[in-house]
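Commentary on secondary and tertiary structure
Chain by chain, the residues:
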Amino acid sequence: MSTHLPLLPGTLIDGRPATLGVLGGGQLGRMFVHAAQAMGYETVVLDPDPASPAGRVSHHFIQADYRDASGLAELALRAHAVTTEFENVPAESLAQLAAKLPVAPMAEAVAIAQDRIREKAHFARCAAASGVAPAAHAAIERPADLAAVPEMLLPGILKTARLGYDGKGQAHVATRAELAAAWERLGQVPCVLEQLLPLAAECSVIVARGRDGQAVSLPPQRNLHRDGILALTDVHDGNLPAAQARQAELATQRIAAELDYVGVLCVEYFLLRDGRLVVNEMAPRPHNSGHYSIDACEVSQFELQVRTLAGLPLAEPRLRGAALMLNLLGDLWWGADGLPRTPPWAELLALPGAHLHLYGKREARRGRKMGHLTFTGPDAAGVREQAQRAATLLGLEAFRR
Ligand code: ADP
Ligand code: MG
């Protein structure tokens with residue numbers, strides 16, 4: 001059995017409907033499944049959780065660990081092409097699947113994105129051409145590296161090289177003593193120490209790149225984080241200074257091209273107070289900051305993921321008007337009185353331009369991503385006004401820096 005690209009939706013291949021597979025069953029997988037199904041594909045999801053958000057909406061579901069050989073074999077049998085939805089999927093699993101069927105992104109690109117040391121080295125390689133460098137940093141892999149840390153990296157942020165997300169696996173350190181203590185607390189695993197930078201804003205760019213090298217990108221997103229977790233994404237003409245927005249777009253294209261990347265890639269940037277743009281990290285998949293594209297762009301990041309995987313043409317994901325996305329964390333399932341509640345969905349949906357997305361997670365926990373709410377409209381001021389109303393209804397401090 002072999003897959004010929006493009007893999008056309010709604011066709012039969014060896015007697016079975018064209019089927020797209022995804023490793024990982026979280027909300028990103030769920031929105032990928034929705035996009036694939038809307039286009040006429042069947043879907044198969046592999047995840048260890050029997051109640052995973054994506055598994056529950058997919059045609060087929062394989063309950064297995066991401067490294068489980070028989071689970072991966074079944075995925076390879078059911079799917080005609082496979083993608084991934086989370087960053088820490090074992091790169092070896094992708095490599096195993098790639099021996100049998102088209103896989104995007106490739107294991108090598110995912111492996112680089114999984115390791116902050118390799119990721120920063122890739123960014124530094126691209127910087128000569130793009131003019132956008134990573135923060136000054138040093139790898140901390142053995143005790144001797146602590147003493148060799150240059151003074152200019154303090155105060156800094158120590159980040160584990162692997163498995164960090166939403167601000168986890170990080171520590172702010174002001175002195176060498178704090179650095180040593182923090183590395184100890186992080187278990188002396190390989191880390192990166194980077195200089196603490198004076199941020200004026202944060203932004204991200206999502207690029208989709210096909211096997212033929214064709215690439216399209218979403219407009220640069222301005223992001224606001226709270227407690228290390230994305231709280232708000234704001235997208236409209238003028239959301240960022242035009243020169244830096246353009247620079248971020250070009251740098252992202254370069255970063256994807258140098259990886260010979262296939263699929264959807266998100267690159268995060270810092271805009272510093274002196275106007276300098278710094279590249280922070282990348283995610284080899286659709287990104288939370290691109291969820292607005294479902295309701296606000298001609299093509300969403302998830303449809304682009306489908307298209308890159310299936311070898312279909314990539315359309316420009318032009319933004320229609322303005323959009324503002326609020327993340328809905330599990331905290332909202334408790335009221336100001338500390339009692340459990342259902343957030344006021346009916347009132348929220350009465351606001352013009354509101355689009356509600358809930359991920360079908362049964363249990364709300366503090367800090368857990370339960371869904372998002374996107375506001376769309378013709379102009380940024382109107383969209384912001386409605387989003388601000390929603391934040392008030394939710395008791396959300398989304399707009400405070
Ligand atoms: P994660 O994988 O948790 O998203 P990030 O590297 O993006 O890790 O860091 C999380 C947040 O911490 C960033 O969005 C930014 O607000 C802040 N941050 C990270 N690195 C720096 C830095 N070098 N200087 C200032 N703030 C930083
Ligand atoms: Mg980040």
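Now for a quick tour of the structure. Note that the structure is predicted; figures quoted are calculated from it, not measured.

About the cut-offs
- Along each chain, residue indices are assigned from 1 in the same order as the chain's sequence is written.
- Labels follow written order: the first chain is A, the first ligand is 1, and so on.
- Note on the predicted model: pLDDT of at least 70 is required for a residue's local features to be given, and 80 or more for side-chain atom pairs to be given and counted; whole-chain, interface and lining totals, by contrast, use all residues.
- The side-chain figures draw on all heavy atoms in the structure; neither hydrogens nor water molecules are used.
- Strands here mean DSSP runs of E at least two residues long; helices mean DSSP runs of H or I at least four residues long; both are numbered from the N terminus.
- Type-normalised accessible area, obtained with a 1.4 Å probe on protein chains alone, sets the label of each residue: buried when under 20%, exposed when over 50%, and partly exposed for intermediate values.
- Under the rule applied, a polar contact is a pair of N or O atoms within 3.5 Å (in protein, one hydrogen donor and one hydrogen acceptor; residues adjacent in sequence only if both atoms are side-chain atoms).
- Contacts between residues were defined by any pair of non-hydrogen atoms, one from each residue, lying within 4.5 Å.
- The rule for a residue being near a molecule or strand is that one of its heavy atoms must lie within 4 Å of it.
- Note on areas: Shrake-Rupley with a 1.4 Å probe; residue coverage comes only from the protein chains shown.
- Following the grouping adopted for this structure description, the nonpolar residues are Ala, Val, Leu, Ile, Met, Phe, Trp, Tyr, Cys and Pro, the charged ones are Asp, Glu, Lys and Arg, and the polar ones are all others, Gly among them.
- All the domain ranges listed were derived from an automatic or database domain assignment.
- Distances define the donors: N, O and S atoms within 2.8 Å of the metal qualify, as do those within 3.2 Å of Na, K or Ca. Water is excluded, so some sites may look unfinished.
- The rule for a salt bridge is simple: a side-chain nitrogen of Lys or Arg has to be within 4 Å of a carboxyl oxygen of Asp or Glu.

Moving on, we get to the side chain of His372. With respect to the helices, strands and loops of the structure, His372 is situated in strand β19 (residues 369-377). Judged by relative accessible area, which is 0%, His372 ranks as buried. Side-chain polar atoms of His372 contact the side chain of Tyr359, separated by 2.6 Å. Not counting the four nearest positions on each side in its chain, His372 is found in contact with Met31, His291, Met325, Leu326, Asn327, Leu328, His355, Leu356, His357 and Tyr359.

All right, on to the site of ligand 1 then. Neighbouring ligand 1 are 19 residues; Lys159, Gly167, Glu202, Asn280 and Glu281 lie closest to it. Residue Glu281 places a side-chain N or O atom 2.8 Å away from an oxygen atom belonging to ligand 1. Within the complex, 89% of the 540 Å² of free accessible area of ligand 1 lies under protein. Listing elements by their share of the shell around ligand 1, those giving two or more residues are β8 (156-160), β10 (191-195), β11 (199-209), β15 (263-272) and β16 (277-283). The residue makeup of the shell around ligand 1, split by class, is six nonpolar, six polar and seven charged. The residues that make up the shell around ligand 1 include at least three from each of domain 2 (136-195) and domain 3 (199-394).

We now examine the coordination of the magnesium ion (ligand 2). Taken together, Glu268 (OE) and Glu281 (OE) make up the protein donors of the magnesium ion (ligand 2), found 1.9 to 2.4 Å from the metal. Residue Glu268 is located in strand β15, and its partner Glu281 is located in strand β16; the two are separated by 13 residues in the primary sequence. Taking the relative accessible area as the measure of exposure, Glu268 reaches 13% and is therefore buried. A residue is classified by how much of its surface remains accessible, and Glu281, at 19% relative accessible area, is buried.

Tracing the chain through its elements places Gly55 in the loop between β4 (42-47) and β5 (60-63). Gly55 sits in the buried class, given a relative accessible area of 11%. When neighbours within four sequence positions are excluded, Gly55 is seen to be in contact with Gly25, Val45 and Phe61.

Right, let's get into the environment of Thr392. Mapped onto the elements of the fold, Thr392 is located in helix α12 (residues 380-394). Sequence separation between Thr392 and Gln170 is 222 residues; the distance between their C-alpha atoms is 31 Å.

Moving on, we come to unusual backbone geometry. Here the amide bond leading from Leu5 into Pro6 is cis, since omega sits at 0°, within 30 degrees of zero. Assignment of secondary structure puts Pro6 in the segment before β1 (12-13). Here the bond from Ala104 into Pro105 is cis, since omega is 0°, no more than 30 degrees from zero. Within the fold, Pro105 resides in the loop between α3 (91-98) and α4 (107-113). In this structure, Asp14 is a non-glycine residue whose phi angle is positive, near 50°.

This paragraph deals with the pattern of salt bridges. Per the counting criterion, the structure on display carries 19 salt bridges. Its salt-bridge partner being Arg276, residue Asp274 comes within 3.7 Å of it at the nearest N-O pair. Arg276 sits in the partly exposed class, given a relative accessible area of 45%.

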